[in-house]
Amino acid sequence: MINGDDFAISIRQSRRLKWGERAIQLFMISCSLVAVAVTIGIVFSLVFESYRFFQFVPVYDFLFGLEWSPQTAIREDQVGANGSFGAIPLITGTLLISAIAMAVATPLGLASAIYLAEYAGKRTRDVVKPVLEILAGIPTVVYGFFAALMIAPFIRMTGTDMGLEVASESALAAGLAMGIMIVPLISSLSDDVINAVPQSLRDASLGLGATHSETIRRVILPAATPGIAGSLLLATSTAIGETMIVVMAAGLAANLTANPLEAVTTITAQIVSLLTGDQEFDSAKTLSAFALGLLLFCITLLLNVAALKIVKHYREQYD
Amino acid sequence: MTDSFTQLTPELRRRHRAEFRFQWAGRLAILIAIGFLVVMVSSIAVLGVGALQQTHIKLNVFLDPAQIDTNSLKEADYGRLVKSALKARFPDVSKRRDRRKLYGLISSEAAFTLREKVVQDPSLVGKTLKLWVIASDDVDMLIKGHVSSGAAGGEHRISDMEMRWIDEFRKSGDIETRFNSRFFWSGDSREPELAGIMSALMGSVFSLLVCFALSFPVGIMAAIYLEEFAPKNRWNDLIEVNINNLAAVPSIVFGLLGLAVFLNTFGLPRSSPLVGGMVLALMTLPTIIIASRAALRAVPPSIREAALGIGASPIQSTFHHVAPLALPGMLTGAIIGMARALGETAPLLMIGMVAFIVDVPTSFVEPATALPVQIFLWADSPERAFLEKTSAAIIVLLVFLVLMNIAAIVIRRKFENRF
Amino acid sequence: MSTPELKQQVYAENHAEAQAIHPIISARNVSVFYGENKALNDLSLDVPANQVTSLIGPSGCGKTTFLRCLNRMNDLIDICRVEGEILVADQDIYDPAVDVVTLRAHVGMVFQKANPFPKSIFENVAYGLRIHGLTNSKSELEGRVEHSLKRAGLWAEVSDRLDHSGTGLSGGQQQRLCIARTIAVEPRVILMDETCSALDPIATAKIEELMDELREKFTIIIVTHSMHQAARVSQHTAFFHMGELVEHGRTEQIFTSPRDKRTESYITGRIG
Ligand SMILES: Nc1ncnc2c1ncn2[C@@H]1O[C@H](COP(=O)(O)OP(=O)(O)OP(=O)(O)O)[C@@H](O)[C@H]1O
Ligand SMILES: [Mg+2]
């Protein structure tokens, strides 16, 4: 039985409890806001430092300039002391390497995903999938080392044997290593997407006398296209933002070229080279790294948002 | 159409061939990817095992009492004693240049080894000491068969004369390779034969501790809120989209954030594991939140209903019943996130954890580097001997990653199917 | 009368009858296993050509299983094993020399749930023609697509929007599209598994009408849970019960004077 006093106590207790719970709840909410704060922090710091950079170099010159050579002046009055900050060679270099990576990873990743989802038995799948995941788990610095040590010399040797001129740090070497790195990303996402295609469509096609590969190529893949496109976009974004492989295997020569055998540099590689070593914080050279960071952030964000939208839309379609 | 189901028209043959090719394309793709993995890991392993061995040379050092002041044992010129020992061994070397080459056979560490011996046991003074000292990296490479005499380019060429000396050591059994424990417990060095991974490893450990201490509690609290309490509205949708996007932001951007905010705005110590850990924590946070939410989702609603049904408040139900059940899953996600953080290099370069660190760091705020950064630094060094060290460091890194993943799998196995 | 004897007799009777009109499909002592589970037990059945045969029976009795054996769709289920002999046009279809792709082109299937490809209406119907390389020119292809859609009774409704997606049609239209897709490749046999179960009476009536027209050219086997439908459209009926073929004969006979008690109770709605 609860008499009057006990009742009063129990209400007070529950109010105290309420306060405690309220505090926990507030704490939880602030924890989830950390993620938002990080995004805001990224945007603000990048925008702010870039703004300072654009006081030295006009936005137009940065975005459309064809030459990148961010030397700082040795003497104040030196001619051309400010260096040139045209990002186009970096953008094309980034795109070239990412394109090579995607050209390697797309067929390999898709073919593995199709094989695993459609042909492989459960046992094969249980073994092969984790092994492919290992490729994604290996730190990129290892890929960079391997690319610089083995792939680049190998390409150079083969190329020279065929009478081609190959730079010692070719875009091809970095792109190849990066391509292998993103194979598991494409294969695991595409595998999910292919598995989500309803069995009834397979039945319909096989029931008409299509072979398995005809069914895959003409029915399953077209039906899975949006999801696969999403996974390819995510992979592209990863390739564009990848840093260590290009720092170690692609070099720093800002060449404006589409030749995969030449050396190119990328946005990420330049950010690293601008910000490692001694730096004075207010020089255009240092600040340009943040402008490049902002550019990188915008490009990858665009790709990610598009990819997540497509994948989400696709999931809803077959749920 | 054909009349029989067994008759294969040319058209059908073509279609079956296409089917066959298609299947093989899939197998081939998997083989290529796995083949690359095998080639990469095994070639690095083959390169790296060499670093487990280090060439040592035996010297008979006469501890000349005239050279050593017994009152200040530490001050004596032990380098000279070592040199004298070499000179005594090869008395016919007279030219100055040749002598310098002779001294170059052994590592500069030899003098310190000798000093330690003498300081420990002062009674040695006046005697001749048989001392195994570390050989220089060039000799090491030669003994391991990585350079043939006269083949290595530049100034590190091993001349015929040096070959003669080494052969003589060999003949008298005064040169041998031993297990290189130094690689595991010492810090970085400019001399490849002396360089070790301990300072980098400790830097990684400190960074990961900070990373875990920050990202795990914040991550699971955020996950619990979003999964169990957050009402479905625009704000929470925004948070969710935001987390998914954050998970795909290039890691180098987090480094830029750390540089601009933690170093330049808050003035935290540059190159320190504290800042490194903070940057890594921001990077791992989305991974942990996403994994923890999945773990919470796997807890059946009946558990919540049971707790709420006996009068527990939603907070009590969550923290007493749901969260403990989801904890193994959350931990698995956190370990996988930590494994990713351990391999991360680019953001650490941005905040200056790329320094040359000889001493093993002992706190969160002194300059340090991390294992993958050490790999990056060594990979850049021209000496052939650093190639071996780089590969060995990669193997150590991979071993740690494997251990972490095994831990994650074990936790998952142990607790799965509990409900 | 004991079951095996009855079975013998039933088989003998309908075999003789089916022989008279030439059986296009004949199953001899077919048993089907899913792993350890026996889903069909020693079943023998002749299906006469150019007629509609309906398979009826309570849920889980093995109708779908039997149907999927006839064009080897069961091959897709790893644990499924078929014993006995199934002849289609006098060829044992489980003979290793048989090419499944060809078999399925001859024995088409329409499924319970309409499953148009997420492509245009035209491409849905053209699909089979394209993969089997059955037409030589674009105009021939268009002609056959139109012909199939007309035969499926869908032409009038979709002729002006052939390039619209097949998934945008109504349920009944989708099902007729699937039928058009199947008959486009001119199979000899069409298997229909509860094709009308999700449709309203009007759409059902249209498809039933269609079956009646189609049987001139094709042999049709349907699975249905509707006694009325079986009675309306089929000339032959087979009653399955727990993996056994209990009874088979002319539809009027099965519905008016069933031999087996189980058949009778099922038809009158006491079991199932
Ligand atoms: N893929 C499968 N794996 C294992 N067992 C199966 C599978 N498909 C069917 N079965 C089993 O085989 C038996 C017959 O199933 P079937 O689908 O042929 O029944 P049905 O007569 O078509 O029933 P319904 O009228 O409900 O469609 C059932 O007991 C079922 O559980
Ligand atoms: Mg069925």
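Residues numbered from 1 in each chain as written. Chains lettered and ligands numbered in written order. Predicted model: local features only at pLDDT ≥ 70, side-chain atom pairs only at ≥ 80, totals over all residues. Heavy atoms only, no water.

**Some thoughts on the overall build of chain A**
Test applied: By definition, any uninterrupted DSSP run of H or I lasting at least four residues is a helix, any uninterrupted run of E lasting at least two residues is a strand, and each is numbered from the N terminus. By definition, residues are in contact when any of their heavy atoms lie within 4.5 Å. Every accessible area reported is derived by Shrake-Rupley at a probe size of 1.4 Å, with residue values counting cover from the shown protein chains alone.
Helices and strands together make up the secondary structure of chain A, namely eleven helices and two strands. Listed N to C, the secondary structure of chain A is α-α-β-β-α-α-α-α-α-α-α-α-α in terms of helices and strands. Sequence separation of at least 24 residues holds for 73% of the intrachain contacts in chain A that already meet a minimum separation of 6. Just so you have it, chain A exposes about 14500 Å², and 64% of that area is on carbon and sulfur atoms.

**Looking at the packing of helix α3 (residues 88-119) of chain A against helix α4 (residues 122-137) of chain A**
Residues and elements named next belong to chain A. Keep this limit in mind: Axis lines are fitted to C-alpha atoms, over the contacting stretch for helices. Their N-to-C directions set the angle, which ranges from 0 to 180 degrees. Throughout, the term roughly parallel applies to angles under 35 degrees, roughly antiparallel to angles over 145, roughly perpendicular to angles from 65 to 115, and oblique to all others. Each helix crossing is assigned a hand: it is left-handed if the near helix lies turned anticlockwise from the far helix by less than a right angle, otherwise right-handed if that turn is clockwise.
Following both chains from N to C, one finds α3 and α4 inclined at 155°, their axes separated by 10 Å at the closest point. Relative to α4, the element α3 lies roughly antiparallel. The two elements α3 and α4 cross, and the hand of that crossing is left-handed. Across from S112, L116 and A117 in α3, the residues of α4 making contact are R125, V128, K129 and L132.

**A closer look at the interface of chain A and chain B**
Here is the rule: Salt bridges are defined as contacts in which a side-chain nitrogen from Lys or Arg sits within 4 Å of a carboxyl oxygen from Asp or Glu. The definition of a polar contact used here is a pair of N or O atoms within 3.5 Å, where within protein one atom must be able to donate a hydrogen and the other to accept one, and adjacent residues in sequence count solely through side-chain atom pairs. Polar here means any residue outside two lists: the nonpolar Ala, Val, Leu, Ile, Met, Phe, Trp, Tyr, Cys and Pro, and the charged Asp, Glu, Lys and Arg; Gly therefore counts as polar.
Each partner contributes to the interface: chain A provides 77 residues, whereas chain B provides 71 residues. One can count one salt bridge joining chain A with chain B. In this structure, R15(B) engages E214(A) in a salt bridge whose closest nitrogen and oxygen atoms are separated by 2.7 Å. Inspection of the chain A/chain B interface yields eleven residue pairs in polar contact (both at pLDDT 80 or more). With 20 residues, helix α1 (residues 4-56) of chain A is the largest single contributor of residues to the side of chain A that touches chain B. Taken together, the residues of the side of chain A that touches chain B break down into 52 nonpolar, 21 polar and four charged.

**Focus: the nonpolar core**
Quick reminder of the rule: Here the nonpolar core consists of buried residues drawn from Ala, Val, Leu, Ile, Met, Phe, Trp, Tyr and Cys, with membership extended through side-chain atoms lying within 4.5 Å. The buried label applies to any residue whose accessible area, calculated with a 1.4 Å probe on protein chains only, is under 20% of its type's maximum; exposed applies above 50%, and partly exposed to all values in between.
Membership of the largest hydrophobic core comes to 194 residues, with the highest contact counts inside it found for I42(A), Y143(A), I271(A), L292(A) and F254(B). For this core, the element with the highest residue contribution is α3(A), accounting for 18 residues. Residue contacts for I271(A): discarding those within four places in its chain leaves A289(A), L292(A), G293(A), I252(B), L256(B) and M350(B). Of all hydrophobic cores here, the second largest spans 37 residues; its members include L73(B), A85(B), L105(B) and L124(B).

**Focus: the domain arrangement of chain B**
Size of an interface, as often reported, equals the accessible area lost when the parts are brought together. Applied cut-off: Each domain's extent was defined by an automatic or database domain assignment.
Domain annotation of chain B identifies domain 1 (2-49), domain 2 (53-180) and domain 3 (198-415). Of note, the centres of domain 1 of chain B and domain 2 of chain B, computed from C-alpha atoms alone, are 57 Å apart.

**Some details on the site of ligand 1**
Residues and elements named next belong to chain C. As a reminder of what qualifies: If even one non-hydrogen atom of a residue comes within 4 Å of a molecule or strand, that residue is called near it.
If you check the shell around ligand 1, you find 13 residues, and the closest are S59, G60, T64, T65 and H225. Contact between ligand 1 and C61: an oxygen atom at 3.3 Å from a main-chain N or O atom of the residue. Between an oxygen atom of ligand 1 and a main-chain N or O atom of G62, the distance comes to 3.0 Å. When ligand 1 is considered free in solution it has 630 Å² of accessible area, and contact with the protein chains removes 62% of it. Ranked by residues supplied to the shell around ligand 1, first place goes to helix α2 (residues 63-70) with three residues.

**Observations concerning the domain arrangement of chain A**
Residue and element names in this part refer to chain A. The condition that has to hold: Buried area is calculated as the accessible area (1.4 Å probe) missing from two parts once they are joined, with the contributions of both summed.
Domain annotation for chain A reports domain 1 (4-55) and domain 2 (68-76 + 83-314). Contact residues are listed per partner, giving nine residues for domain 1 and eleven residues for domain 2. When the two sides are added together, the surface that domain 1 and domain 2 hide from each other amounts to roughly 920 Å², 81% of it contributed by carbon and sulfur. Of all residues in domain 1, L46, E49 and F53 bury the most surface against domain 2, accounting for 57% of the area lost on that side. Seen at the junction of domain 1 and domain 2, the total is zero salt bridges. Where domain 1 meets domain 2, there are one residue pair in polar contact (both at pLDDT 80 or more). Residues belonging to the side of domain 1 that touches domain 2 are distributed by class as follows: six nonpolar, one polar and two charged.

**A few points about the packing of helix α5 (residues 140-161) of chain A against helix α6 (residues 171-195) of chain A**
Between two packed helices, both the angle of their axes relative to each other and the distance between the axes serve to describe the pair. Residues and elements named next belong to chain A. The interhelical angle for the contact between α5 and α6, taken along N-to-C directions, is 135°, at an axis separation of 8 Å. Regarding the angle of α5 to α6, the classification is oblique. You can see that α5 and α6 cross each other, and the crossing is right-handed. Side by side, α5 and α6 meet where T140, Y143, A147, I151, A152 and I155 of the first sit next to L172, A173, L176, A177, I180 and M181 of the second. Classifying every residue of the contact of α5 with α6 by side-chain character gives eleven nonpolar, one polar and no charged.

**A closer look at the sheet that holds strand β3 (residues 175-179) of chain B**
Sheets are built from strands that pair by backbone hydrogen bonding, the pairs being arranged parallel or antiparallel. Residues and elements named next belong to chain B. Condition: By this definition, two strands are paired if DSSP reports at least two bridges between them.
With antiparallel pairing, three strands are arranged side by side in an open sheet as β2-β1-β3. Each of the sheet's edge strands pairs with one partner strand only, and the pair in question is β2 (128-134) and β3. Taking each pair of neighbouring strands and ignoring which way they run, the sheet shows an average axis angle of 40°. Pairing geometry for strand β1 (residues 53-62) and β2, over seven bridges, is antiparallel. In the strand pairing of β2, L59 is matched with L131.

**Considering a positive patch on the surface**
This is how it is decided: Residues form patches when they are more than 30% accessible in relative terms and have no salt bridge. Like charges link within 9 Å. Nonpolar side chains (Val, Leu, Ile, Met, Phe, Trp, Tyr) link within 5 Å. Only four residue types enter the charge count, namely Lys and Arg as positive and Asp and Glu as negative; His and the chain termini do not. Here the site of a charge means atom NZ of a Lys, CZ of an Arg, CG of an Asp or CD of a Glu.
On the surface, a cluster of positive charge is made up of R217(A), R218(A), R13(B), R17(B) and R21(B). At the level of elements, α8 (212-241) of chain A together with α1 (10-49) of chain B are the ones that each hand at least two residues to the positive patch. For R21(B), the position within the fold is in helix α1.

**Describing the pairing of strand β8 (residues 219-223) of chain C**
Remark: a regular strand shows side chains that alternate across the two faces of the sheet. Residue and element names in this part refer to chain C. Selection criterion: Place the viewer so that the strands point away; then a crossover is right-handed whenever the path from the first strand over the helix to the second strand goes clockwise.
In terms of burial, β8 is largely enclosed, as five of its five residues are buried. In β8, alternate side chains face the same way, and those of T219, I221 and V223 on one face and I220 and I222 on the other are all buried. Pairing geometry for strand β3 (residues 52-56) and β8, over four bridges, is parallel. Pairing of T53 across the sheet is with I221, part of β8. Sheet topology places strand β7 (residues 189-193) next to β8; five bridges connect them, and they run parallel. Each residue of the ladder has a partner; that of D193, found in β8, is V223. On the question of chirality, the crossover connecting β7 to the parallel β8 by way of helix α8 (residues 201-214) is right-handed.

**What to know about the interface of chain B and chain C**
Tallying the contact residues gives eleven residues for chain B and 17 residues for chain C. Between chain B and chain C lies a buried interface of about 1200 Å² when both sides are counted; carbon and sulfur atoms form 62% of it. One can count three residue pairs in polar contact (both at pLDDT 80 or more) joining chain B with chain C. The class makeup of the residues in the side of chain B that touches chain C is four nonpolar, four polar and three charged.

**Examining the environment of F229(B)**
Following the sequence through the fold, F229(B) ends up in helix α8 (residues 198-229). In sequence terms F229(B) and F20(B) are 209 residues apart; their C-alpha atoms lie 53 Å from each other. The residues contacting F229(B), other than those within four sequence positions of it, are Q25(A), M28(A), I224(B), P314(B), I315(B) and T318(B).

**Focus on the packing of aromatic side chains**
Put simply, the test is: Note on aromatic contacts: the rings of Phe and Tyr and the six-membered ring of Trp form a pair at centre separations within 6.5 Å, being stacked when their planes are under 30 degrees apart, edge-to-face when over 60 apart, and tilted otherwise.
Using the criterion set out here, one finds 22 aromatic pairs over all chains in the structure. With a centroid separation of 5.6 Å and an interplanar angle of 80°, the aromatic rings of F53(A) and F62(A) are classed as edge-to-face. Of the residues examined, F53(A) reaches a relative accessible area of 0% and is grouped as buried. Ring geometry for Y143(A) versus F36(B): centroids 6.4 Å apart, planes at 15°, classification stacked.

**A word on α8(A)**
What counts is decided by this rule: To estimate the expected span of a helix, count its residues, drop one, and scale the result by 1.5 Å. Take the seven residues that end at a residue and the seven that start at it, fit an axis to each, and the angle between those axes is the bend at that residue.
Its 30 residues place the ends of α8(A) only 37 Å apart at the C-alpha level, less than the 44 Å of an ideal helix rising 1.5 Å per residue. If you look at α8(A), its biggest bend is around 60°, right at T225(A), and the proline P226(A) turns up within four residues after that.

**Quick look at the side chain of S251(B)**
Residue and element names in this part refer to chain B. Following the sequence through the fold, S251 ends up in helix α10 (residues 251-265). Residue S251 is classed as buried on the basis of its relative accessible area of 15%. Apart from residues lying up to four places away in sequence, S251 is in contact with M283, E344, A346 and P347.

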